[in-house]
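Chains, contacts and geometry: an overview
Each chain is listed here by its residues.
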Amino acid sequence: MKSIFIDCSLGISGDMLASALFDLGVPRSIFLDNLVKLNIDQNYNCKFNVGDSEGIKGIICTKNEIELKKLPRSLNDIKNLLFDSKLNDYVKKKSIRVFEILAGAEAIVHGNEISDVHFHELGSMDSILDIVNVCSAIDFLKPYNIYFSNPPSGKGIVSTSHGPLPVPVPTVLEIARQEKIPLMVLDDKYLGEITTPTGIALIATFIDKFSQLDKINIKKIGIGLGSKNISRPNFLRVLLIDENDDYIENNKPCYENIIAQEAWIDDSTPEDVAVLIERLRSAGAIDVICYSVDMKKNRKGICIQAIVYPKHKNILRDVWFNYSTTIGIRENKISRWILPRRTVCHNTKFGTVNVKQVIRPNGQVSKKIEHKDLTKITLNTGIPIEEIRQELIIELSEFYELDDWSF
């Protein structure tokens, strides 16, 4: 599983992150195509050049200015610009999400409705392109997880269209509050903004986890330089990491950390519990189980346990507290070993069926046909389900391709 770790401990902005992703290996054509898809003036240039910051080599993004009049844009103006573009749906959705986060924070800071928010610096074509470039680069890489280090708060005072403002500026603070992003106090002599509103909005949009990873199998490093000369290295780096490549290559089990969430409930009906379990599964639980327990005052209750990937734990917490009667859950980090597996779609004489394949350490491949597909076939044909299973096993006996295995 390829993931990326974005080390923004010295600061983050949209152009720095785009530059680092370019240095990581995202093709130049991805960024150039955005100019066309956004229908930007053909004389506008967006270049990625090699540079250095206090001796650190990296990539710096430069653009030429084409907007003669920097008119403020509303959120709807930007949405319409993106909707009318030829960008794909993922890039449109993520780019709009970044601007929605910015608009929500600006509305609170200025005491306005979101519809009344007008972006000044953030509404420029430069900022729009930075955000679209990052979103399209992430779409190209398609990482399994995106990790961030804690961004720095910065200090000092900066000049804005609203006049001088303290650092971190109100919009950055508001996004950090709303999205629960911990800001790091950096021992730094530089007085100025090092985490920009665009930078922290991109974190809020893409973050799976804030983490200094226990172990990192690094495949590649991308360095993005900031445009400011601040008398110290000014860069952001993105690490392309492989979280379990060694295990896949050797057909060995993979060790991973997941989260277990549990609640004991004695005041819900079995029908309500069934709905809760389905909601937990739909929200991203790997699996959910329940069993009877004896609770206080000799009451019979139900223990419901869900296991979930760390990036989905907050979503499941919301399900527990919004859709069950529990007033608390127990949560623990647990570890497990799993084998490489995949689900593939295969055309058979009965129609299309999904087959789960698992590769074992000795190289043997186990196959299991999805039961819902077997059920559908038996209901449509009247053939006993075991007879269908046996015929499909024979038909699929040669299906042993070993490419594209994951965990």
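Keep in mind it's a predicted model, so treat the numbers as computed, not measured. (Residues numbered from 1 in each chain as written. Predicted model: local features only at pLDDT ≥ 70, side-chain atom pairs only at ≥ 80, totals over all residues. Heavy atoms only, no water.)

**Section: the overall build of the protein**
Definition in use: What counts as a helix is a DSSP run of H or I of at least four residues, what counts as a strand is a run of E of at least two, and both are numbered from the N terminus. Buried, partly exposed and exposed residues are distinguished by accessible area as a fraction of the type maximum, computed with a 1.4 Å probe on protein chains only: under 20%, between the cut-offs, and over 50%, respectively. Note on contacts: a residue pair is in contact if any heavy atoms of the two residues lie within 4.5 Å. Each accessible area is a Shrake-Rupley result for a 1.4 Å probe, and residues are judged covered by the shown protein chains and nothing else.
Helix and strand content of the protein: twelve helices and 18 strands. Taking the principal axes of the C-alpha coordinates as reference, the protein spans close to 75 × 60 × 40 Å. Expressed as a percentage of its 407 residues, the buried residues of the protein come to 46%. A separation of at least 24 residues holds for 70% of the contacts in the protein among residues at least 6 apart in sequence. On the protein, roughly 21600 Å² of surface is accessible, and the fraction owed to carbon and sulfur atoms is 50%.

**Digging into unusual backbone geometry**
Pro168 follows Val167 through a cis peptide bond whose omega is 0 degrees. The backbone of Ser231 sits at a positive phi, close to 60 degrees, despite the residue not being glycine. One can find Ser231 in the loop between strand 10 (218-225) and strand 11 (235-242). Of note in this structure, Asn298 is not a glycine but carries a positive phi near 60 degrees. Assignment of secondary structure puts Asn298 in the loop between strand 13 (285-294) and strand 14 (300-308). Exposure remark for Asn298: the relative accessible area of 75% places this residue in the exposed category.

**Quick word on the nonpolar core**
Basically, it comes down to this: Here the nonpolar core consists of buried residues drawn from Ala, Val, Leu, Ile, Met, Phe, Trp, Tyr and Cys, with membership extended through side-chain atoms lying within 4.5 Å.
Ranked by internal contacts, the top residues of the largest apolar core, which has 63 residues, are Leu17, Leu21, Leu236 and Val238. Apart from the residues lying within four places of it in its own chain, the contact partners of Leu21 are Val26, Val134, Ala137, Ile138, Leu141 and Val238. With 16 residues, the next largest nonpolar core counts Ile277, Ala283, Leu316 and Trp320 among its residues.

**Some details on a nonpolar patch on the surface**
Put simply, the test is: Two joining distances apply to patches: 9 Å for like charges and 5 Å for nonpolar side chains (Val, Leu, Ile, Met, Phe, Trp, Tyr), and every residue must have over 30% relative accessible area and no salt bridge. By convention in these notes, a salt bridge is any Lys or Arg side-chain nitrogen within 4 Å of a carboxyl oxygen on Asp or Glu.
Residues Ile216, Ile218 and Ile221 make up a contiguous nonpolar surface patch of about 240 Å² in total accessible area. Position of Ile218 relative to the elements: it lies in strand 10.

**With respect to the environment of Glu256**
Formally: By the criterion applied in these results, polar contacts are pairs of N or O atoms within 3.5 Å in which, for protein atoms, one can donate a hydrogen and the other can accept it, and in which residues neighboring in sequence qualify only through two side-chain atoms.
For Glu256, the position within the fold is in strand 12 (residues 254-265). Note on Glu256: relative accessible area 11%, which makes it buried. On a C-alpha basis, the gap between Glu256 and Asn45 in space is 44 Å, while along the polypeptide they are 211 residues apart. Residue contacts for Glu256: discarding those within four places in its chain leaves Tyr309, Ile334, Ser335, Arg336 and Ile338. Of note is the side chain of Glu256, whose polar atom sits 2.8 Å from the side chain of Arg336.

**Looking at the sheet that holds strand 16 (residues 341-348)**
We count it as follows: Note on pairing: two strands pair once DSSP finds at least 2 bridges between them. Simply put, an axis is a line fit to the C-alpha atoms, just over the touching stretch for a helix, and the angle between two N-to-C directions goes from 0 to 180 degrees.
Taken in spatial order, the three strands make up an open sheet running 16-17-18, and their pairing is antiparallel. Looking at which strands have only one partner, the edges of the open sheet turn out to be strand 16 and strand 18 (365-369). On average, each strand axis in the sheet is tilted by 30 degrees relative to the strand beside it, whichever way the strands run. Bridge count for strand 17 (residues 351-359) against strand 18 is five bridges, and the pairing is antiparallel. Note that in strand 18 the partner of Gln357 across the bridge is Lys367.

**Things to note about the confidence of the model for the protein**
Just so we agree on the cut-off: Think of pLDDT as the predictor's per-residue confidence, scored from 0 to 100.
For the protein, per-residue confidence averages 88 on the pLDDT scale, and residues scoring 70 or more make up 91% of the total. Averaged pLDDT values over the elements of the protein bottom out at 46 in helix 8 (residues 245-249) and peak at 97 in helix 1 (residues 14-24).

**Describing the side chain of Gln357**
Relative to the assigned elements, Gln357 resides in strand 17. A polar contact is formed between the side chain of Gln357 and the side chain of Arg342, at a distance of 2.8 Å.

**A closer look at the pairing of strand 7 (residues 157-160)**
Taken together, the four bridges between strand 7 and strand 8 (residues 163-166) define a ladder with antiparallel strand orientation. What sits directly across from Ser159, in strand 8, is Pro164. Where strand 7 folds back on strand 8, the antiparallel hairpin that results is connected by two residues.

**Observations regarding the packing of helix 3 (residues 75-83) against helix 4 (residues 89-110)**
Rule in force here: Throughout this description, any angle smaller than 35 degrees is read as roughly parallel, any larger than 145 degrees as roughly antiparallel, any in the 65 to 115 degree range as roughly perpendicular, and the remainder as oblique. Just so you know the grouping, Ala, Val, Leu, Ile, Met, Phe, Trp, Tyr, Cys and Pro go in nonpolar, Asp, Glu, Lys and Arg go in charged, and all remaining residues, Gly too, go in polar.
Contact geometry for helix 3 and helix 4: axes closest at 10 Å, N-to-C directions at 175 degrees. One way to sum up the angle between helix 3 and helix 4 is to call them roughly antiparallel. Here helix 3 contributes Leu75, Ile78, Lys79, Leu82 and Phe83 to the contact with helix 4, which in turn contributes Lys92, Ser95, Ile96, Phe99, Glu100 and Ala103. A breakdown of the residues in the contact of helix 3 with helix 4 according to their chemical character gives seven nonpolar, one polar and three charged.

**A closer look at the state of the cysteines**
The criterion, for reference: A pair of cysteine sulfur atoms is labelled a disulfide when the two atoms are within 2.5 Å.
Per the counting criterion, the structure on display carries zero disulfides. Looking at Cys8, it has no disulfide partner, and the nearest cysteine sulfur is the one in Cys135, 16 Å off. Cys8 sits in the buried class, given a relative accessible area of 0%. In this structure Cys46 is not part of a disulfide, and its nearest cysteine sulfur, from Cys61, lies 3.8 Å away.

**Concerning helix 2 (residues 28-37)**
Going by this rule: In this context, the arc is that of the directions from the helix axis out to the C-beta atoms.
If you check which residues of helix 2 are buried, you get Phe31, Asn34 and Leu35. Each buried residue of helix 2 lies within a common arc of 100 degrees when the element is viewed along its axis, so the set occupies one face. Phi turns positive one or two residues past the end of helix 2, at Asn39, with a value near 60 degrees.

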